[in-house]
Amino acid sequence: MQINLVSDTVTKPSYEMLQYMFNADVGDDVYKEDPTVIELEERVAAIFGMEAGLFFPSGTMANQTAIKLHTQPGDQLIADKNAHIFHYEAGGVSFNSGVSCCLIDGNRGMLTAEQVAAAINRPNFFHSPLTTLVCLENTTNIGGGACYEMEELEKIKAVCDQNGLKLHLDGARIWNALVAKRQNPKDFGKIFDTISVCFSKGLGAPVGSVLLGDKKTIQRALRIRKVLGGAMRQSGYLAAGAIYALENNIKLLTEDHRRAKELANVLKKKEWVEAIEPVETNILIFSLIPGYSEDVLIEKLKQKNISISTIGDRKLRIVTHLDYREVMHTYVVETLSKM
Ligand SMILES: Cc1ncc(COP(=O)(O)O)c(C=O)c1O
C-alpha cells in the first residue's frame, strides 16, 4: 500500500466518475456547442450566484486569465507573500500580464483589510506602478489550508471599492473552506469580481477549473483563454468529471478534514515536532526541532510507504484527500505514533 500525502492533486478518478465521464454528451466547445461544459459553467455560476462561468484546463490558467482581465501592463497587484499566483505559476503574472506583485506578510496566507489598504500605491504618484488588483487565496495552500472569515473579506472588498481595485479569489480549495466554515458560496459571489474554482484537488476530478464573473468579464475571458491555448473541443468529457465531483464528493471533504486534524493530534505528542500550524481543512503544516532534518523524516516515512513533502524553512506539509482512505489513515496514525 503506497500512501501519498504530498498533495490533494494526486487522486485518480473513481470507476463511477469515469463511467459518468464516458457517458457525457459532448460537442465542440470552441463553438460553444458542448452541452456538458455549458451545464458545468451554469451550475457553478449558480452555486456562487454569479452571472457566468468559463471552463479551463487548469487552475493556473484560470487565475492567469483573471489577472490579465483586471490589469494593464505596468500595473501592480497585491497578494500574500506565499501566494500560488506568485510562486507557483511560473512567473505568469509578469510573463502574461506584464504586472508586478506587492507581496504582503500575511497570517497563514491571509491578508487583512488594513494590510491591503497600506499596500496600495498612491495613484497620483507616477513613479510607482498603479495598483489595480488584489488577489486572495482561500483556502491558503502554503498557509496551511487556512480559511478567511467572511467579515474580513467584506472589509477587504470595501477597501477595494474605495480605491477602484478589482478583487480576484484563487479558490482552488474553496470547497474545503465552504465545508469547514459552513459558509454560503453566494456570499463569495457578492464580494469577488472573479473567482477561480478547481475540481482536480479535493474534489478528485482529473482536470478542470471554472472562472466565474459577470457576463461581460467572462465574454472577455473567452479571448484570453484562446490566446493561452485553453480553448478545448469535446471537453464535456472532462467537465462531466467535475459535475460528478460536485454531486458526489463535496460531502466527503469533512473526512479529509477530520483525518488531517487527527494526524495533527498524533504529531503534537512527538518531541521531534517543534510546532504545528492550526488545522482547519485538509492541509497540515508542521516544523521539526532544530537539528532534526526534514529529509531524514521524509526518508524514514518513505521506507514505510508514506510520502510527505517539505515546503522549506524546516516546514513539512501533509495533505489529505479523497484517495487517502480510512485503512491508510489507521496505518499512518500507527506509524507516526510509534516513531
Ligand atoms: C492555491 C492554488 N491555486 C492554484 C493552483 C493551480 O492549479 P492547477 O494545478 O490546476 O494549475 C493550485 C495548485 O495546486 C493551488 O494550490
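Calculation rules
- Residues numbered from 1 in each chain as written.
- Predicted model: local features only at pLDDT ≥ 70, side-chain atom pairs only at ≥ 80, totals over all residues.
- Heavy atoms only, no water.
- UniProt positions renumbered as here; feature names shortened; annotations may be inferred.
- Helix = DSSP H or I, 4+ residues; strand = E, 2+ residues; numbered from the N terminus.
- Rg over C-alpha atoms; globule rule 2.2 N^0.38 Å.
- Buried < 20%, exposed > 50% of the residue type's maximum accessible area, 1.4 Å probe, protein only.
- Contact = heavy atoms within 4.5 Å.
- Areas by Shrake-Rupley, 256 points an atom, 1.4 Å probe, with all protein chains shown as cover.
- Lys, Arg positive; Asp, Glu negative; His and termini not counted.
- Charge placed at Lys NZ, Arg CZ, Asp CG, Glu CD.
- Near = heavy atom within 4 Å.
- Polar contact = N/O pair within 3.5 Å; in protein donor to acceptor, adjacent residues only side chain to side chain.
- Salt bridge = Lys/Arg side-chain N within 4 Å of Asp/Glu carboxyl O.
- Pairing = 2+ DSSP bridges.
- Axes fitted to C-alpha atoms, helices over the stretch in contact; angles between N-to-C directions.
- Domains from an automatic or database assignment.
- Buried area = accessible area lost by both parts, 1.4 Å probe.
- Nonpolar A, V, L, I, M, F, W, Y, C, P; charged D, E, K, R; others polar.
- Disulfide = S-S within 2.5 Å.
- Phe/Tyr/Trp six-rings, centres within 6.5 Å; stacked < 30°, edge-to-face > 60°.
- Lys NZ or Arg CZ within 6 Å of the ring centre and 35° of its normal.

- Per an unreviewed UniProt entry, the protein chain goes by the name Threonine aldolase and belongs to Flavobacterium glycines.
- Turning to the protein chain, the UniProt annotation filed under Cofactor (unreviewed entry) states: "pyridoxal 5'-phosphate".
- Under the heading Sequence similarities (unreviewed entry), UniProt records this for the protein chain: "Belongs to the threonine aldolase family."

### With respect to the overall build of the protein chain
Consideration 1: When helices and strands are counted, the protein chain shows 14 helices and 13 strands.
Consideration 2: By the compact-globule yardstick of 20 Å for 339 residues, the protein chain fits well, its C-alpha radius of gyration being 20 Å.
Consideration 3: Taking the principal axes of its C-alpha atoms as reference, the protein chain extends roughly 55 × 55 × 35 Å.
Consideration 4: Looking at the 339 residues of the protein chain, the share that counts as buried comes to 55%.
Consideration 5: Expressed as a percentage of contacts within the protein chain between residues at least 6 apart in sequence, the contacts between residues at least 24 apart total 74%.
Consideration 6: In the structure as shown, the protein chain presents an accessible area of about 15000 Å², 53% of it carried by carbon and sulfur atoms.
Consideration 7: For the protein chain, the separation between the mean place of its 38 positive charges and that of its 41 negative charges on side chains is 1 Å.

### Observations concerning the site of the ligand
Consideration 1: Residues in contact with the ligand, as listed here, are Ser58, Gly59, Thr60, Asn63, His84, Glu89, Glu137, Asn141, Asp170, Ala172, Arg173 and Lys201.
Consideration 2: A distance of 2.9 Å separates an oxygen atom of the ligand from a polar atom in the side chain of Asn141.
Consideration 3: Side-chain polar atom of Arg173 to an oxygen atom of the ligand: 2.8 Å apart, as the coordinates give it.
Consideration 4: For the ligand, whose unbound accessible area comes to 390 Å², protein coverage reaches 83%.

### Details of the UniProt feature "coiled-coil region" (unreviewed entry) in the protein chain
Consideration 1: As annotated in UniProt, the feature "coiled-coil region" (unreviewed entry) corresponds to residues 243-270 in the numbering used here.
Consideration 2: Annotation note: span residues 243-270, helix share 79%, strand share 0%, distance between end C-alpha atoms 41 Å.

### Notes on the environment of Ile67
Consideration 1: Within the secondary structure, Ile67 sits in helix α3 (residues 59-70).
Consideration 2: Among the residues examined, Ile67 registers a relative accessible area of 0% and is labelled buried.
Consideration 3: Sequence separation between Ile67 and His168 is 101 residues, and the spatial gap between their C-alpha atoms is 7.9 Å.
Consideration 4: Among residues more than four places away in sequence, those in contact with Ile67 are Leu77, Ile85, Val93, Ser97, Leu133 and Cys135.

### Regarding the pattern of salt bridges
Consideration 1: Per the stated rule, a full pass over the model turns up 21 salt bridges.
Consideration 2: Two residues, Glu277 and Lys315, come together in a salt bridge whose shortest N-O distance is 3.1 Å. Taken together, the residues Glu277 in the loop between β9 (273-276) and β10 (283-288) and Lys315 in strand β13 (residues 315-319) connect sequence positions 38 residues apart.
Consideration 3: When its relative accessible area of 18% is taken as the criterion, Glu277 is described as buried.
Consideration 4: Its relative accessible area of 28% is what places Lys315 among the partly exposed residues.
Consideration 5: It is possible to trace a salt-bridge network through shared partners that takes in Glu255, Arg258, Arg259, Glu262 and Glu326.

### Quick notes on the sheet that holds β13
Consideration 1: Spatially, four strands are ordered β9-β10-β13-β12 in an open sheet, and the strand pairing comes out antiparallel. Among the strands making up the open sheet, the edge pair consists of β9 and β12 (309-312). For this sheet, the mean inter-axis angle between neighbouring strands, taken without regard to orientation, is 35°.
Consideration 2: Taken together, the three bridges between β9 and β10 define a ladder with antiparallel strand orientation. Bridge pairing links Ile276 to Phe286 in β10.

### Regarding the domain arrangement of the protein chain
By a widely used convention, the size of an interface equals the accessible area lost when the partners come together.
Consideration 1: What the domain assignment lists for the protein chain is domain 1 (3-7 + 252-338) and domain 2 (15-246).
Consideration 2: Between the C-alpha centres of domain 1 and domain 2 there is a distance of 28 Å.
Consideration 3: When the buried area of domain 1 at its contact with domain 2 is split by residue, Leu253, Glu280 and Ile283 rank highest and sum to 40% of it.
Consideration 4: Inspection of the domain 1/domain 2 interface yields two salt bridges.
Consideration 5: Across the pair Glu280 and Lys181 runs a salt bridge, and its minimum N-O distance is 3.8 Å.
Consideration 6: Counting across the domain 1 and domain 2 interface gives five residue pairs in polar contact (both at pLDDT 80 or more).
Consideration 7: Every element with two or more residues in the side of domain 1 that touches domain 2 is listed here: α12 (253-268) and β10.
Consideration 8: Taken together, the residues of the side of domain 1 that touches domain 2 sort by class into six nonpolar, four polar and three charged.

### Details of the state of the cysteines
Consideration 1: Enumeration according to the criterion identifies zero disulfides in this entry.
Consideration 2: Here Cys135 is not cross-linked by a disulfide; its sulfur's nearest cysteine counterpart is in Cys101, at 7.6 Å.

### With respect to the packing of aromatic side chains
Consideration 1: One pass over the structure, following the stated rule, counts five aromatic pairs.
Consideration 2: Here Phe188 and Phe192 contribute two aromatic rings whose centre-to-centre distance is 6.5 Å and whose plane-to-plane angle is 10°, an arrangement assigned as stacked. The pair formed by Phe188 and Phe192 is uniform in burial state, with each residue classed as buried.
Consideration 3: Put simply, the rings of Phe48, Trp175 and Phe199 touch in pairs and so form one group of aromatic residues.
Consideration 4: The side chain of Arg225 reaches across the aromatic face of Phe56, ending 6.0 Å from its centre.

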